[in-house]
Amino acid sequence: MTISIITKVYLLIKTFCTCYTPSINVKITSRMKIKLNSFLLLFPLFFSAVLLNARDIAITVIDQDLNLPLEGAVIRSWDGAEHICDENGIAVIQAPENRQVIIQAGYPGYETGRLVISVSENSYTLALRLSGIMENKELVIEAAKPGTSETRTGRSVAISAREIAQTAEIGVIEDVMSSVKLLPGVGFTGLFNAQPSIRGGDPGDMRASLDGYYILNPYHWGGGFSIFDPRMAESAQLSHGVFSTRYGHSISGLLEITAKKPSYTDIQIDIGLNTSAANLNLSVPVSGKGGILFMGRVTYYDPVVALAKELSKTFPAIDLINSVRVPPYIRSGTVTGNYRFTGDLELKAAGFWGMDGVGASYRNLSDTSSLRSNTSADFDFINYQGFFNTALSWNPRNDMLLKFTAGTGYEKSDVNGDMRFDIYSRSFMLTENNTWYYNMLQSLYDDESYDFYTRSYMEQTDLAVNAQSRVDYDWELGKGFLLAAGVQEMFTYYKTSGRQQDHIEKNLRSFDEQTQEELFLQMGITDPALKDFLRRYLIISMPVNYNPDTDNKLFTTSGYSLAEYSSKDNRFRAELGLRLDHFYLTGKDFSHQSKPVLNPRLNLDFTVFRDLGIFKSLDIGAGTGLFSSMNNSVYIAENEYEIDELKPNRSWTSVLGTRLELQSGLIFNIEGYFKYNFDRMYIPINAGLNNLEIRPQFNGEGKIWGIDVLIQKLQSRYWDGWISYSWLWVKYRDPDSGRADMGISGGTRGNEWYFPDFHRFHNLNMVLNVKPVKNINIYTRFGLASGVQLSRRLTDSPDSYPVYVYDSNDPQNNKYIEIFYWRSVRDEKNRTTASLPMDIKFSIYGKNKNGKTRFEVYAAVENVLALCYTAQGNTSFNRYTGQIDRGSSSASYEMPIPIPSFGFKLSY
């Protein structure tokens, strides 16, 4: 419950205090411009006009808890026709024959419900939950718009507000990503990491949007949690297959969050309290034609951290909690609104503002027989972000939809961290395995003991401003055809300044000959034989400094056109589209632009049969296409990086899948896919004595294939849930990295094909909701994720090696020291043990007699199996004494104990 918060602090401190890698980014230059306006104007030439056909759809509206029909619900479609549900809760409406529509459902005293009507079904049941009184609430039929959440074989998987509430409203920070991480194709990350790999892509490849606005950084606490509060989300859709050319900016996955919408007729209030945060939602109607919904979240970790500090006296494993100076905090608010001027014209808007931060001070004095040391670390982090987006939808005719969207946002973060590690009067250790070099050291260094220190720090400010706009146009041509086109422009301004220092250790022989001679001169060595000996065995420890200073602008221009076809009986459906992306980057004394990138995509869907005995339908889907996105590291490019050519990351993706649905509501979905990534950006970084060599490259490759399986039981009276399983094989290659000292997005493995660090072969999630009575739900989640790669050790114990500390900033600190290394090799077959996450949540629902007030109380425990099992890696050891710790080390930064949480929600 309270303990988990410090895990994030632990991650921040440990990441900074152990081996912080400079966050260097890249920009591009070349004073050229390609005017795309004339080309984009050609898109409307794809259009022609035909009438729109319609079909009858039977909709049954029922009470979700009682399964009783709701007589009297009103349905109004976009053409003005009204329909009232009969005594059986059924109304027959008309919908386009070859086009999806969205049902927005309501009834006096019930929550608003939404449902996607596909082109393949002619009857639906819509279940509503009791809420506050909503007079004259109506069902509204609209043409489907970009952003609709739906599950489509080979393209996307979606989860509703109900599924999000069951799986994400749990833990110390309730997060929509907790639900997303349970979907097929999503890699395992653990509790405190909201940046999973999507179908083998780098975690940074996934993009997120809220109501159509692409968000620069959708995370709190540097990626520990997302900004998406479950109480603000109506639905979430993860597009990780061959999704439509309407969307771009990702080569692995696009997460689209649809925010909750306000009530048109009633004031509604939702209040929530959980382990560490308070939530408030307030919906206010506007003239019966629209409304505004305010949603806010505030954490209150001060008492939580205070309690955790007390618990640390019983659980020493969480003793690091005592270093927390400023408890981690989140303050955020979301506003959505919409107003329907007429049946053909509607305005929607969404905005977000948030801030998060943490502060810690760590001190550790150690005085043992083997080591006297002092460690001190200070860390402060604060981040602000906000954005606003608005969309105007207009139906100039019943067969046309025109949508204008515009938005802007910003982000500013400040990081200040400083860690110093001092060792006092350390004696060289005389053991059998290091006598060979101890004698050599004696000839170089008169003392048998030494003092030294290392210091790492980071002081950096990042500012990003973003503006984006787009126009989308859909035209129903009739006879199953639809044409669409659109353009989008995105502008990002990025400014960063600061200074960073870390330490790196590398073999003397890895330096060029001139640098080696410079070091020999510093060490006072002239004997050729001794030089040869040191070239083979001596390790150099030195500070690495990086002082970012960027002021860059990135312009991204995109356009698309597509054609959709659906046969008369909806047995066959196809979509063929083409998307164009162009990138132009400018900064201090440089500019670069990419060549226009063309991304054609094709999707085919076929229904084999419908309503055959116990089977409701069998569908097959296939798709193939190209995708492109710009690596985020490009935002911090500088002129000195000498980029030859700017290229976006590219991917060719192909998917084949099938979906079988039974009349009982059980669904089986299996998809196989292959992806070839090319032009992938990676940044090799080599450290010299007094400089960094940063060489961005744009020729990385990746080969990925996998299988995703989903078995899902739709909502039912007694139980529902799903089982998802993913098998993944992925290897990357960085041809020009040259085995660099450090790297971003790879860049250290040379020309070999390698499994990336995040790769796991298997990932299984089982989600089960059991409802023994109508007002009780028992949620259980169990996962099984195979391990990540682990180096294979070649010896039974670590060996000590001579290290020369070189510090140009403090020559008095230059000296020989001794550090222990455990010789190991990278072994693709050697991995950590499996991770076994398990969560349990017990919920009680209730309402008053008239149904105006509803409540929910839950108690939950995450990481249930932690006391008896934790994924394990290699045994840890002290690098300065060689002392081996007992047992093996945890394979992640998970908390070593179960994490209880609780929550309460009241709706009126």
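Every value quoted in this text rests on a predicted model; they were computed, and no experiment measured them.

1. Overview of the overall build of the chain
Move 1: What the chain contains, in helices and strands, is 8 helices and 46 strands.
Move 2: Look at the contacts in the chain between residues 6 or more apart in sequence, and 72% of them connect residues 24 or more apart.
Move 3: Accessible surface, the chain: about 36600 Å² in total, of which carbon and sulfur atoms supply 57%.

2. Here's the deal with the nonpolar core
Move 1: Leu508, Leu519, Met523, Leu534, Leu538, Ile540 and Leu692 are the most contacted members of the largest nonpolar core, which totals 42 residues.
Move 2: Setting aside chain neighbours within four positions, we find Leu538 in contact with Asn507, Leu508, Met523, Pro802, Val803, Tyr804 and Tyr816.
Move 3: Residues Ile164, Ala208, Ala236 and Leu293 belong to the second largest nonpolar core, which totals 38 residues.

3. A look at the pattern of salt bridges
Move 1: All told, the structure shown has 44 salt bridges when counted by the stated rule.
Move 2: The partner of Arg155 in a salt bridge is Glu575, with the nearest N and O atoms 3.5 Å apart. You can see Arg155 sitting in the loop between strand 8 (138–143) and strand 9 (156–160) and its partner Glu575 sitting in strand 27 (residues 572–587), a full 420 residues away along the chain.
Move 3: With a relative accessible area of 6%, Arg155 lands in the buried category.
Move 4: Of the charged contacts, one joins Lys588 and Asp549 as a salt bridge, the two residues approaching to 2.9 Å between their closest N and O atoms. Separated by 39 residues along the polypeptide, Lys588 in the loop between strand 27 and strand 28 (590–593) and Asp549 in strand 26 (residues 549–566) bring together distant segments of the chain.
Move 5: For Asp549, a relative accessible area of 38% puts it in the partly exposed group.

4. Notes on the environment of Asn383
Move 1: Along the polypeptide, Asn383 turns up in strand 21 (residues 372–394).
Move 2: Considering only alpha carbons, one finds Asn383 and Thr461, 78 residues apart in sequence, at a separation of 9.8 Å.
Move 3: Residues contacting Asn383, with those up to four places away along its chain left out, are Asn217, Tyr219, Gly354, Met355, Asp356, Glu411, Lys412 and Ser413.

5. Details of helix 7 (residues 513–523)
Move 1: Along helix 7, the residues classified as buried are Thr515, Gln516, Leu519, Phe520 and Met523. Along the axis of helix 7, the buried residues cluster in a sector spanning 140°; they form a single face. The exposed residues of helix 7 that point more than 90 degrees off its buried face are Gln514 and Leu521.
Move 2: In this structure, the buried side of helix 7 is in contact with helix 8 (528–537), strand 25 (539–546), strand 41 (799–805) and strand 42 (815–821).
Move 3: Within two residues after helix 7, Gly524 carries a phi angle of roughly 75°, on the positive side.

6. Side note on unusual backbone geometry
Move 1: A positive phi angle, near 55°, is found at Asp679, a position not held by glycine.
Move 2: Along the chain, Asp679 turns up in strand 32 (residues 666–687).
Move 3: Its identity is not glycine, yet Asn863 carries a phi of approximately 55°, on the positive side.

7. Let's talk about the packing of helix 7 against helix 8
Move 1: At a minimum axis distance of 12 Å, the contact between helix 7 and helix 8 shows a crossing angle of 115°. Between helix 7 and helix 8, the interaxial angle falls into the category roughly perpendicular. Relative to helix 8, the crossing made by helix 7 is right-handed. Across the interface between the two elements, Gln516, Glu517 and Phe520 from helix 7 touch Lys531, Leu534 and Arg535 from helix 8.
Move 2: Within the contact of helix 7 with helix 8, the residues separate by chemical class into 2 nonpolar, 1 polar and 3 charged.

8. Considering the packing of aromatic side chains
Move 1: Following the criterion strictly, the structure yields 28 aromatic pairs and no others.
Move 2: Between the aromatic rings of Phe491 and Phe555, the centroid separation amounts to 5.1 Å while the plane-to-plane angle is 45°, which identifies the pairing as tilted. Here Phe555 lies in strand 26 and Phe491 lies in strand 24 (residues 481–507), a separation of 64 residues in the sequence.
Move 3: Here Phe491 falls in the partly exposed class, since its relative accessible area comes to 24%.
Move 4: Judged by centre distance (5.8 Å) and plane angle (70°), the rings of Tyr801 and Tyr821 are edge-to-face. Placement of the pair is Tyr801 in strand 41 and Tyr821 in strand 42, with a sequence separation of 20 residues.
Move 5: Within the aromatic cluster, the residues linked to one another by ring pairs are Trp652, Phe674, Trp705, Trp729, Phe755 and Phe761.

9. Overview of the sheet that holds strand 11 (residues 213–214)
Move 1: Within the open sheet, the 5 strands sit side by side as 9-14-15-10-11. Their pairing is mixed. Two strands close off the open sheet at either side, each with one partner strand: strand 9 and strand 11.
Move 2: With 6 bridges joining them, strand 14 (residues 233–239) and strand 15 (residues 254–259) adopt antiparallel strand pairing. Residue pairing across strands places Ser239 opposite Leu254, the latter belonging to strand 15.
Move 3: Strand contacts of helix 3 (residues 161–168): strand 9 and strand 14, with the helix running at about 80° to strand 9, the strand carrying the most contacts.

10. Regarding the pairing of strand 20 (residues 345–367)
Move 1: Judged from the 15 bridges that link them, strand 19 (residues 324–342) and strand 20 form a sheet pairing that is antiparallel. Counterpart to Arg331 in the pairing with strand 20 is Met355.
Move 2: Where strand 19 folds back on strand 20, the antiparallel hairpin that results is connected by 2 residues.
Move 3: Where strand 20 meets strand 21, 23 bridges bridge the pair, whose relative direction is antiparallel. Counterpart to Phe352 in the pairing with strand 21 is Phe387.
Move 4: Between strand 20 and the antiparallel strand that follows it, strand 21, lie 4 residues.

11. A look at helix 3
Think of an α-helix as 3.6 residues a turn; residues three or four steps apart then line up on the same face.
Move 1: For helix 3, a buried count of 7 out of 8 residues is recorded, marking the element as mostly surrounded by other parts of the structure.
Move 2: For helix 3, the full list of buried residues reads Arg162, Glu163, Ile164, Ala165, Gln166, Thr167 and Ala168.

12. Let's talk about the environment of Asp319
Move 1: On the secondary structure map, Asp319 appears in the loop between helix 5 (301–311) and strand 19.
Move 2: The sequence separation of Asp319 and Ala308 amounts to 11 residues, and the corresponding C-alpha distance is 9.0 Å.

13. Looking at the pairing of strand 35 (residues 719–733)
Move 1: As judged from the 13 bridges shared by strand 34 (residues 697–713) and strand 35, these two strands associate in the antiparallel manner. Its bridge partner being in strand 35, Gln712 is matched across the sheet by Trp722.
Move 2: Pairing of strand 35 with strand 38 (residues 762–770) involves 9 bridges; the strand directions are antiparallel. Directly across from Asp720, in strand 38, lies its bridge partner Asn769.
Move 3: Inspection of the sheet shows strand 35 paired to strand 37 (residues 753–754) by 2 bridges, in the antiparallel sense. The partner of Tyr732 across the bridge, within strand 37, is Tyr754.

14. Concerning the confidence of the model for the chain
Move 1: Counting all residues, the mean pLDDT for the chain is 84, and 84% of those residues have values of 70 or more.
Move 2: Across residues 1–52, where pLDDT falls below 50, the model places 176 contacts with residues more than four positions away in sequence or in other chains.
Move 3: Under a pLDDT of 50 for its full length, residues 131–148 has, in the predicted model, 87 contacts with residues more than four places off or in other chains.

15. A short note on a negative patch on the surface
Move 1: A surface patch of negative charge is lined by Glu640, Glu642, Asp644 and Glu645.
Move 2: Here Glu640 shows up in the loop between strand 30 (615–629) and strand 31 (649–662).
Move 3: Accessibility expressed as a relative area gives 58% for Glu640, which makes it exposed.

Cut-offs and rules
- Residues numbered from 1 in each chain as written.
- Predicted model: local features only at pLDDT ≥ 70, side-chain atom pairs only at ≥ 80, totals over all residues.
- Heavy atoms only, no water.
- Helix = DSSP H or I, 4+ residues; strand = E, 2+ residues; numbered from the N terminus.
- Contact = heavy atoms within 4.5 Å.
- Areas by Shrake-Rupley, 256 points an atom, 1.4 Å probe, with all protein chains shown as cover.
- Core = buried A, V, L, I, M, F, W, Y, C linked by side-chain atoms within 4.5 Å.
- Buried < 20%, exposed > 50% of the residue type's maximum accessible area, 1.4 Å probe, protein only.
- Salt bridge = Lys/Arg side-chain N within 4 Å of Asp/Glu carboxyl O.
- Arc of directions from axis to C-beta.
- Axes fitted to C-alpha atoms, helices over the stretch in contact; angles between N-to-C directions.
- Parallel < 35°, antiparallel > 145°, perpendicular 65-115°, else oblique.
- Left-handed = near helix turned anticlockwise from the far one by under 90°.
- Nonpolar A, V, L, I, M, F, W, Y, C, P; charged D, E, K, R; others polar.
- Phe/Tyr/Trp six-rings, centres within 6.5 Å; stacked < 30°, edge-to-face > 60°.
- Pairing = 2+ DSSP bridges.
- pLDDT = per-residue confidence, 0-100.
- Patch = residues over 30% accessible without salt bridge, like charges linked within 9 Å, V, L, I, M, F, W, Y side chains within 5 Å.
- Lys, Arg positive; Asp, Glu negative; His and termini not counted.
- Charge placed at Lys NZ, Arg CZ, Asp CG, Glu CD.

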